[in-house]
Amino acid sequence: MNRYKKILDNLSKATSVCLIGHIEPDADALCSMIVMREFIIKHFGIKKVDIFAESDGLANNYLPIIENVKINKSFTKYHTAIMMDSPNLDRVGKYKILFDKAKQTFVIDHHNTNLRDGDFNIVEIVSSTCEIVYKILKAYNYKFSSKIYGKIYAGIITDTNNFSVGAITKNTFKIASACFNYIDSGAIYNNFFNSNTIRNMNLLALAIQNIITLEDGKIILTQITREQARLYKAKFDDYTGIINRLATISGNCLVCFVQPKDNQYYVSMRAKRGYDVAMIAKKFGGGGHIGAAAYLSNKSIKEIEEEVLKEFLEQVHQNKKISTKIF
Ligand SMILES: [Mn+2]
């Protein structure tokens with residue numbers, strides 16, 4: 001029997017299901033949950049399947065993913081909980097309680113820092129949670145609509161920064177290729193990559209002005225202070241993409257961007273091949289992938305940058321001989 005079916009056939013026992021994504025869900029989290037919700041309703045005939053993800057307010061370009069599905073219904077107990085696109089229970093914030101109260105729990109995720117918190121865990125180090133969801137639906141011979149293909153593709157391109165980072169394999173391209181005939185790939189790309197707001201660009205400008213480079217530009221550190229954030233009335237999604245833009249600066253190996261998040265700071269990091277920021281994020285209570293990871297901190301910006309810099313310097317000093325060959 002197919003390994004996905006062996007695990008997920010347990011869903012037939014469920015009377016209600018909640019899908020829980022990480023705090024400030026990204027396109028992969030939202031797309032994978034929306035697709036999974038439809039699949040569970042239609043395949044298993046379960047009527048109550050709801051989606052939860054703690055957020056400051058979702059960016060406008062995420063609204064086409066959700067359509068008219070209600071997110072975060074005020075319902076407190078579900079028979080079954082599925083945590084998706086989240087490496088551990090801390091990453092789902094206040095909705096952790098739904099997972100704790102459920103009779104059976106599942107985890108579907110692609111982060112290599114995943115703690116396998118579920119009774120059943122489908123954890124694969126692949127491009128995106130959407131890639132796993134695609135394989136699950138295929139295992140059940142589920143009939144794909146063009147909307148499902150589009151959402152799977154959106155999850156893949158956003159989590160891989162358009163096929164450039166993350167655990168991309170031949171299979172990632174195969175799945176993207178299977179989606180291709182049913183989607184408008186240009187429109188999906190535009191919706192997620194060419195959708196910066198003026199406030200977003202202003203914050204990027206500020207982050208660029210605040211840059212400090214070390215080790216001949218191999219290390220880049222920058223931040224937006226609480227004062228600056230207040231001045232620009234910045235919400236969490238206004239920072240979207242800034243770290244990826246910083247990572248485009250030529251010659252960098254490790255990038256760190258610190259931004260205010262409620263009373264804490266959100267620390268995002270990016271690493272080029274041969275470097276590892278997942279390890280650093282994990283050390284400070286966060287998670288992610290080798291090339292892209294993040295954590296939340298109660299420390300000051302100065303303390304955060306000191307702790308990150310120490311780790312960055314260690315990696316730069318160890319990694320003198322990384323091949324720069326591209327062909
Ligand atoms: Mn993801």
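Residues numbered from 1 in each chain as written. Predicted model: local features only at pLDDT ≥ 70, side-chain atom pairs only at ≥ 80, totals over all residues.

### Details of the sheet that holds strand β10 (residues 287-288)
Here's step 1: With respect to topology, 6 strands assemble into an open sheet ordered β6-β7-β8-β9-β11-β10, the strand pairing being mixed. For this open sheet the edge positions go to β6 (212-214) and β10, each flanked by a neighbour on one side alone.
Here's step 2: One ladder, built from 5 bridges, connects strand β7 (residues 219-223) with strand β8 (residues 254-261); its direction is parallel. The residue bridging Q223 from the neighbouring strand is V258, located in β8.
Here's step 3: Together, β7, β8, β9 (264-271) and β11 (292-297) form the strand contacts of helix α13 (residues 301-318), whose direction differs from that of β8 by roughly 165°. (Pairing = 2+ DSSP bridges. Helix = DSSP H or I, 4+ residues; strand = E, 2+ residues; numbered from the N terminus. Contact = placed C-beta atoms within 7 Å. Axes fitted to C-alpha atoms, helices over the stretch in contact; angles between N-to-C directions.)

### Quick look at the domain arrangement of the chain
Here's step 1: Per the domain assignment, the segments of the chain are domain 1 (3-193) and domain 2 (198-318).
Here's step 2: Taken together, the 14 residues of domain 1 in the interface contact 12 residues of domain 2.
Here's step 3: Within the side of domain 1 that touches domain 2, the residues separate by chemical class into 4 nonpolar, 7 polar and 3 charged. (Domains from an automatic or database assignment. Nonpolar A, V, L, I, M, F, W, Y, C, P; charged D, E, K, R; others polar.)

### A closer look at helix α9 (residues 198-209)
Here's step 1: For α9, with 12 residues, the first-to-last C-alpha span of 17 Å sits near the 16 Å given by 1.5 Å per residue.
Here's step 2: Among the residues making up α9, those that are buried are N200, L203 and A207. The buried residues of α9 occupy an angular sector of 65° when projected down its axis, which confines them to one face. Pointing more than 90 degrees away from the buried face of α9 are the exposed residues I198, A205 and Q209.
Here's step 3: Structurally, α9 contributes buried residues whose contacts are with β7, α11 (242-246) and β8. (Expected span 1.5 Å × (residues − 1). Buried ≥ 20, exposed ≤ 12 C-beta atoms within 10 Å, placed from the backbone. Arc of directions from axis to C-beta.)

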